[in-house]
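Residue strings, one per chain:
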Amino acid sequence: MKVEGVSPNFIKSIYKGSAALYRTEPWKRLRPWHLFGIRVGKDSDWSGKKQPFPCVQFIGGDGGDVGFYMFRSESDAKKMTGPRETIRVPNVELLRVSYEPEALMFPSNKRMIKSLSLEASGTDRFPVIDVARCMSSGELRFRNPTLEELRFVYAFMRAISLVHPLLQEDKDGAPKWSRMMYFETFIETVDVQWPPEMAKSHDLVAVTVSHPPGQAYEEKASSTASSTPTKYAEPPREEVFVDVRVNSNGVLRQCTFCEKEVHGDHSQCCAQCRAVVYCSSLCQKQHWKETHKSMCGLYKAMMEREEELAMKIFLFPCSADQPCKWLESLGIHQKGMWRRKCGCYAHCPFGLLPVKGGLWDSWGGLDDEYPRDSPFHNHVRDGISSPILLSGWSEYYNLRSLPLSSPVADILSHPFTVYYILTALNISSKNLLLKGKEVILHYLGPEGELDWMPAFAEISHLLNGSGNIHIVMVGPEVPNNLSGTTSGISSRVRVNLVRGNYQDEATYLPSPHIIVALNCGLESYSAWGGALELIKSRGVPAFFTEHSEILCANAKQVLRGAGLHITHPVTPNPFRSPVKTHSLSNNLPSYSNGFVLGVNT
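Fair warning: this is a prediction, and the values are worked out from it, not measured in the lab. (Residues numbered from 1 in each chain as written. Predicted model: local features only at pLDDT ≥ 70, side-chain atom pairs only at ≥ 80, totals over all residues. Heavy atoms only, no water.)

1. Points about the overall build of the protein
In terms of regular secondary structure, the protein is built from 16 helices and 23 strands. The proportion of buried residues among the 601 residues of the protein is 51%. Here the contacts in the protein between residues at least 6 apart in sequence split such that 68% fall between residues at least 24 apart. (Helix = DSSP H or I, 4+ residues; strand = E, 2+ residues; numbered from the N terminus. Buried < 20%, exposed > 50% of the residue type's maximum accessible area, 1.4 Å probe, protein only. Contact = heavy atoms within 4.5 Å.)

Given below as structure tokens:
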């Protein structure tokens, strides 16, 4: 790569970023007419005091070589985008990144790839980066990108690989006759970590991706919300209050404003967002003046995602406003691991539920509707076994031949979320497993999980003969008589239990590759302060789940307040529990392990 000032490590980082983007397969959905706006840091960070290539399109999704083109402006992109191929427009310059098979590359490129052991994109493809310009004669001229342009490309690749999966199809916005896919308007900002050889004064840069280009954040400056919702509805200009009753099936609720307990049938909610619960119109009006007026639109946007988040594939009731009644309806109340799903065994410390014995008992006597302790068949390719990568519950239920009437996903959500983080969200842990090595995971704040070890054994079968996972569960709820014990729940997964706060015990634990905290309630516990400080000092990737989007918004504030940078934005977790949980003071969509976010990755 003949670029002035480029170093071998710089080239390696570019190729790693390129491979990470390739693995996310944006070309499955994106076409050249889907234009993206890009901002990397401040305009003053770049020569000419402007973004080098602020408009991007993906090419090759409908055939041909795959890659992406970066343009100097949106108007340049539109001029050059034809119905089937790129139009040559005189004196317009674009930066091209195309993925080419190694066999078709120049010998000099092949030598560079081999000498630097550069990471491949897919099986045998590597990125080729150049800047093209069409001359007045129609001839194309090419040049190598500059060092600054490569920095811009790197930041874009890292950011877009995180955010393009968040695009939501807009079925209502597309003309009925159109075969083109339309997406809802979208904007998201993520922090991208510069590799050491690329860093200047700061090791992080904020990258904003928008679709279509030109989107701007509409949240008010006073809003404390996450930037994740793609829709933002303005609160009503007139203070109109309507008595909207909450359909709560007789469940006790809590007033958001005064925290008074109120019978569900006598509670009411905001008429605009229908998310926030009150005991009276007096509390509603006061809360509107003090806080809710600036947040109502955001809550409404979150409520609009309820339909999208509901997992309608399942054939058992997926709402547990009254946990005991829900469990009774399934015939598993006060049985096996399900005893932790209601308050009937609250007197029994976590991890110490009486156990009868077999897997059938652990799963509450479900008749052939629970995962057997057996490997998955037909998952060896070319004599090589590798971890089974799942995209969601329907795929897993199909592999295990489980009926969709089985509620096991509610408990399996915890181990499967861990597995999803290790194999889909964190590249380093996935690579360790693919190489057959061990991943050490620190699991913070376990509670019910301490009684769900039989469910965690399923991770071993998903590993499919590749790699090992050592889980160290640390938290104040670990009973004294279990602290220090090791549970070899399977041949490839073992669990250590340690009682205490993470920041106090971490010195004595094996160094982690990754840290996880599920349903963590970051804003609710002061003990998180010391743990987050330790996570920051170690620089280890950490992932958190929360029940709802508003909890994630608050969690982001806590994490940023601790000096941690959010590098995996808030996204719905495909392995969230399908069972909607009950919140006392709001009606927002809420699920165990509902949303996931990550820092320092």
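2. Notes on the sheet that holds strand β21 (residues 542-546)
Strands sit in the order β18-β19-β17-β16-β20-β21-β23-β22 across an open sheet of eight strands; the sheet is mixed. Of all strands in the sheet, those bounded by a partner on one side alone are β18 (486-487) and β22 (566-572). On the sheet, helix α10 (residues 409-425) packs against β16 (438-444), β17 (468-475), β20 (514-517), β21, β22 and β23 (595-599) and is oriented at approximately 130° with respect to β16. Here helix α15 (residues 528-538) sits on the sheet and contacts β16, β20 and β21; the angle it forms with β21, its principal contact strand, is near 145°. (Pairing = 2+ DSSP bridges. Axes fitted to C-alpha atoms, helices over the stretch in contact; angles between N-to-C directions.)

3. With respect to the nonpolar core
Counting 60 residues, the largest nonpolar core has Trp363, Trp393, Tyr396, Ile471 and Met473 as the members making the most contacts within it. Counting residues per element, this core draws most heavily on α10, which supplies 10 residues. In contact with Met473, not counting residues within four places along its chain, are Tyr443, Pro446, Glu449, Leu450, Met453, Phe456, Val478, Val495, Asn496, Leu497 and Val498. Formed by 51 residues, the second largest nonpolar core is a distinct cluster that contains Val40, Phe68, Met105 and Phe126. (Core = buried A, V, L, I, M, F, W, Y, C linked by side-chain atoms within 4.5 Å.)

4. So, unusual backbone geometry
In this model, His211 is joined to Pro212 through a cis peptide bond whose omega is -10°. Positive phi, normally seen in glycine, also occurs at Arg274, with a value near 60°. Judged by its relative accessible area of 46%, Arg274 is partly exposed. Phi angles above zero are rare outside glycine, and Ser401 is one such case at about 55°. With respect to the helices, strands and loops of the structure, Ser401 is situated in the loop between α9 (393-399) and α10. What makes Ser401 exposed here is its relative accessible area of 63%.

5. Thoughts on the side chain of Ser577
Take Ser577: it is sitting in the loop between β22 and β23. Taking relative accessible area as the criterion, Ser577 reaches 0% and is therefore assigned buried. Polar contacts involving the side chain of Ser577 include one to the main-chain amide nitrogen of Val579, which spans 3.1 Å. What Ser577 contacts, discounting residues up to four positions off in sequence, is Ala409, Asp410, Ser413, Tyr591 and Ser592. (Polar contact = N/O pair within 3.5 Å; in protein donor to acceptor, adjacent residues only side chain to side chain.)

6. Some points on the pattern of salt bridges
Inspection of the entire model under this criterion finds 20 salt bridges. The salt bridge involving Lys78 is made with Glu74; its shortest N-O contact spans 3.1 Å. In this pair, Lys78 and Glu74 both sit in helix α2 (residues 74-80), four residues apart, roughly one turn of the helix. Where Glu93 meets Arg133, a salt bridge forms, and the shortest distance between an N and an O atom there is 3.8 Å. On the criterion of sequence distance, the pair formed by Glu93 in strand β4 (residues 93-101) and Arg133 in strand β5 (residues 125-134) is long-range, its members being 40 residues apart. (Salt bridge = Lys/Arg side-chain N within 4 Å of Asp/Glu carboxyl O.)

7. Some words on the sheet that holds strand β2 (residues 55-59)
Reading across from one edge, β6-β5-β4-β3-β2-β1-β8-β7 is the order of the eight strands in this open sheet, with antiparallel pairing throughout. Two strands bound the open sheet, and with one partner strand each, they are β6 (140-143) and β7 (186-193). Taken over all neighbouring pairs, the strand axes of this sheet differ in orientation by 30° on average, direction set aside.

8. Comments concerning the packing of aromatic side chains
Under the counting rule described, the total for this entry stands at 26 aromatic pairs. Ring centres of Trp46 and Phe152 lie 5.3 Å apart, and the angle between their planes is 75°; this geometry places the pair in the edge-to-face category. Here the residue Trp46 occupies a position in the loop between β1 (36-40) and β2, and Phe152 occupies one in helix α4 (residues 147-163), the gap between them amounting to 106 residues. Residue Phe152 is classed as buried on the basis of its relative accessible area, which comes to 0%. Note on Phe58 and Phe68: the rings are 5.9 Å apart at their centroids and 55° apart in plane angle, and the pair reads as tilted. Residue Phe58 is located in strand β2, and its partner Phe68 is located in strand β3 (residues 67-71); the two are separated by 10 residues in the primary sequence. Residue Phe58 shares its accessibility class with Phe68, and that shared class is buried. A connected cluster of aromatic rings, assembled from ring pairs, spans Phe314, Phe316, Phe376, Trp393, Tyr396, Tyr397, Phe416, Tyr420 and Phe575. Residue placement shows Arg339 over the ring face of Tyr345; its charged tip is 5.4 Å from the ring centre. (Phe/Tyr/Trp six-rings, centres within 6.5 Å; stacked < 30°, edge-to-face > 60°. Lys NZ or Arg CZ within 6 Å of the ring centre and 35° of its normal.)

9. Remarks on the environment of Trp363
Within the secondary structure, Trp363 is located in the loop between α8 (359-362) and β14 (380-381). Taking relative accessible area as the criterion, Trp363 reaches 0% and is therefore assigned buried. For Trp363 and Trp338, which are 25 residues apart along the polypeptide, the C-alpha to C-alpha distance reads 7.3 Å. For Trp363, the residues in contact, after removing those within four places along its chain, are Ile332, Met337, Trp338, Tyr370, Pro371, Val408, Ile411, Leu412 and Ala455.

10. Section: the state of the cysteines
Applying the stated rule across the entire model yields zero disulfides. With no disulfide partner, Cys324 has as its closest neighbouring cysteine sulfur the one in Cys344, 3.6 Å distant. (Disulfide = S-S within 2.5 Å.)

11. A word on the packing of helix α1 (residues 8-23) against α4
One can describe the packing of α1 onto α4 by two numbers: an axis separation of 9 Å at closest approach and a directional angle of 30°. One finds that α1 runs roughly parallel with respect to α4. Considering how the two elements wind past one another, α1 and α4 form a crossing that is left-handed. In this structure, α1 uses Phe10, Ser13, Ile14, Lys16, Gly17, Ser18, Ala20 and Leu21 to contact α4, whose residues at the interface are Leu147, Leu150, Arg151, Tyr154, Met157, Arg158, Ile160 and Ser161. Taken together, the residues of the contact of α1 with α4 sort by class into nine nonpolar, four polar and three charged. (Parallel < 35°, antiparallel > 145°, perpendicular 65-115°, else oblique. Left-handed = near helix turned anticlockwise from the far one by under 90°. Nonpolar A, V, L, I, M, F, W, Y, C, P; charged D, E, K, R; others polar.)

12. Examining α1
Compared with an ideal rise of 1.5 Å per residue, which puts 16 residues at 22 Å, α1 spans 23 Å between its outermost C-alpha atoms and is within 8% of the ideal. All of the buried residues in α1 are Phe10, Ile11, Ser13, Ile14, Tyr15, Gly17, Ser18, Ala19, Ala20, Leu21 and Tyr22. The inward-facing, buried residues of α1 contact β2, β3, β4, α3 (107-116), β5 and α4. With its phi angle positive at about 50°, Glu25 sits one or two positions after the end of α1. (Expected span 1.5 Å × (residues − 1).)

13. With respect to the environment of Met337
Its location among the elements puts Met337 in the loop between α7 (323-330) and α8. Looking at Met337, the relative accessible area reads 2%, which means it is buried. For the pair Met337 and Asp451, spaced 114 residues apart in sequence, the C-alpha to C-alpha distance is 6.4 Å. Residues contacting Met337, with those up to four places away along its chain left out, are Ser362, Trp363, Ile411, Asp451, Trp452, Pro454 and Ala455.

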